[in-house]
Amino acid sequence: MFGDRMQIENMDINRINAYRDRPDCLLLDIREAEAYQKGHLPGAVSVSFEALMMEEYIPDEKKKIFVYCDSGQHSYEVCQMLVEKGYEAVNLLGGYPAYRWRRR
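Residues numbered from 1 in each chain as written. Predicted model: local features only at pLDDT ≥ 70, side-chain atom pairs only at ≥ 80, totals over all residues. Heavy atoms only, no water.

## Considering the pattern of salt bridges
Here the structure, examined in full by the defined rule, presents six salt bridges. Within the structure, one salt-bridge network assembled from shared partners comprises E9, K64 and E88. (Salt bridge = Lys/Arg side-chain N within 4 Å of Asp/Glu carboxyl O.)

Next comes the structure, spelled out in structure tokens:
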């Protein structure tokens, strides 16, 4: 049903600095490993989209999870899955390209 769809919190990726160093937060980069190696947000953990969707990686349920990718689409899907499982997850809008562009 349409009304059963969970609301996903979205946040501008450039606001992550307020949360990055907090011990109760986890920053997940779900891009391909090569993309992560070329550049990523400081403090981010690299976990593939597939590993999260197949539950090969299980995050700490006590942490607020911030997720980003290249565009925001895959991170939104991961956030949906995490919220459905009881996690507090935030989709970082614009993905890594928005963060990289802002830092120029």
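Structure's up, so let's keep going.
## Quick word on the packing of aromatic side chains
Evaluation of the coordinates by the stated rule reveals three aromatic pairs. Centre to centre, the rings of Y68 and Y96 are 6.4 Å apart; their planes meet at 25°, and the pair counts as stacked. Pair noted here: Y68 is in strand β4 (residues 64–68) and Y96 is in helix α4 (residues 95–102), with a separation of 28 residues, a long-range link. With relative accessibility at 0%, the residue Y68 sits in the buried group. Among the residues examined, Y96 registers a relative accessible area of 10% and is labelled buried. Look at Y96 and Y99: their rings are 6.1 Å apart centre to centre, the planes differ by 35°, and that puts the pair in the tilted class. Here the residue Y96 and the residue Y99 both occupy positions in helix α4, the gap between them amounting to three residues, near one helical turn. Accessibility expressed as a relative area gives 6% for Y99, which makes it buried. Three or more aromatic residues link up through ring pairs in this structure, and these residues are Y68, Y96 and Y99. Directly above the ring of Y96 sits R31, whose terminal nitrogen or CZ lies 4.3 Å from the centroid. (Phe/Tyr/Trp six-rings, centres within 6.5 Å; stacked < 30°, edge-to-face > 60°. Helix = DSSP H or I, 4+ residues; strand = E, 2+ residues; numbered from the N terminus. Buried < 20%, exposed > 50% of the residue type's maximum accessible area, 1.4 Å probe, protein only. Lys NZ or Arg CZ within 6 Å of the ring centre and 35° of its normal.)

## Describing the sheet that holds strand β1 (residues 9–12)
Sheet architecture is open: five strands sit in the order β1-β5-β4-β2-β3, paired in parallel fashion. Strands with a single pairing partner mark the edges of an open sheet, and in this sheet they are β1 and β3 (45–46). Bridging between strand β2 (residues 25–29) and β3 involves two bridges; their strand directions are parallel. Bridge pairing in β3 links D29 to S46. Along the sheet, helix α3 (residues 73–84) contacts β1, β4 and β5 (88–93); its crossing angle with β5, the most-contacted strand, is approximately 170°. (Pairing = 2+ DSSP bridges. Contact = heavy atoms within 4.5 Å. Axes fitted to C-alpha atoms, helices over the stretch in contact; angles between N-to-C directions.)

## Quick notes on the nonpolar core
Within soluble globular proteins, side chains that are nonpolar generally end up buried alongside one another. Core analysis: the largest hydrophobic core is formed by 18 residues, its most contacted members being L28, I30, L52, I65, V67, V78 and L82. For this core, the secondary structure elements donating two or more residues are β2, α2 (49–53), β4 and α3. A per-element tally of this core places α3 first, with five residues. Core analysis: the second largest hydrophobic core is formed by 15 residues, M11, I13, L92 and Y96 among them. (Core = buried A, V, L, I, M, F, W, Y, C linked by side-chain atoms within 4.5 Å.)

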